Amino acid sequence: MDIDRIDEHILRELVGDGRISNIALADRVGLSASACLRRVQELERSGLIKGYRAVLDRTALGAGFVAYMGVGLRDHSKASQEAFETSISRAPQVRECHNITGTIEYLLRVECADLPAYKLFHTDILGAMPQVSSITSYVVMGSPKDERA
């Protein structure tokens, strides 16, 4: 789908506030409400807008400890990757899992209540997976910029 300046403006506004009313959005991008709604619906139909979600305060929910984990696998076979991905999809602590290039195969974003809960995940869940050969942890100390929604 080709998008123009107005579509780009609509997308920027929705990224900033996915709950904005159509009337307010139309006003911000300089369209009538009906024209704005048609454009948003087309952006949704085309798949450029995949959905809308709530941004949660993980600390308030008891998952304020965040770490990124680099995971290396014992072998690079498709079967090993599929087994790892199946196992990791069952771990509620893993909020993101990315298959990446470089010296390791996966980058995980892990959220736990605290350091003891993270150690339990590291040792008893991730460390117990037979496909895993290496784990490197990067504990998040702060997030001055985080645009994930």
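Look up a bit, the structure's there.
To keep things clear, this report deals only with the structure shown in the data block.

This part is about helix H4 (residues 78–89). End to end, H4 covers 16 Å across twelve residues, agreeing with the expected 16 Å (1.5 Å per residue, within 8%). Along H4, the residues classified as buried are Ser 80, Phe 84 and Ile 88. With its buried residues spanning 60° around the axis, H4 presents them on a single face. In this structure, H4 carries Lys 78, Ala 79 and Ser 89 as exposed residues pointing more than 90 degrees from its buried face. The inward-facing, buried residues of H4 abut strand S1 (65–73), strand S2 (94–99), strand S3 (106–112), helix H5 (115–126) and strand S4 (132–139).

All right, on to the pattern of salt bridges then. Considering all chains together, one arrives at nine salt bridges under this definition. Ionic pairing is found between Arg 39 and Asp 7, a salt bridge with its closest N-O pair at 2.8 Å. Here Arg 39 is found in helix H3 (residues 33–46), whereas its partner Asp 7 is found in helix H1 (residues 5–16), with 32 residues between them in sequence. Overall, Asp 7 belongs to the buried group, its relative accessible area being 6%. The residue Arg 109 makes a salt bridge to Glu 111 at a minimum N-O spacing of 3.2 Å. In this structure Arg 109 comes out as buried when scored by relative accessible area, which is 7%. Among the charged side chains, a salt-bridge network with shared partners connects Arg 58, Arg 95, Arg 109 and Glu 111.

About the cut-offs
Residues numbered from 1 in each chain as written. Predicted model: local features only at pLDDT ≥ 70, side-chain atom pairs only at ≥ 80, totals over all residues. Heavy atoms only, no water. Helix = DSSP H or I, 4+ residues; strand = E, 2+ residues; numbered from the N terminus. Expected span 1.5 Å × (residues − 1). Buried < 20%, exposed > 50% of the residue type's maximum accessible area, 1.4 Å probe, protein only. Arc of directions from axis to C-beta. Contact = heavy atoms within 4.5 Å. Salt bridge = Lys/Arg side-chain N within 4 Å of Asp/Glu carboxyl O.

The quantities given are spatial measurements derived from coordinates; they are silent on function.
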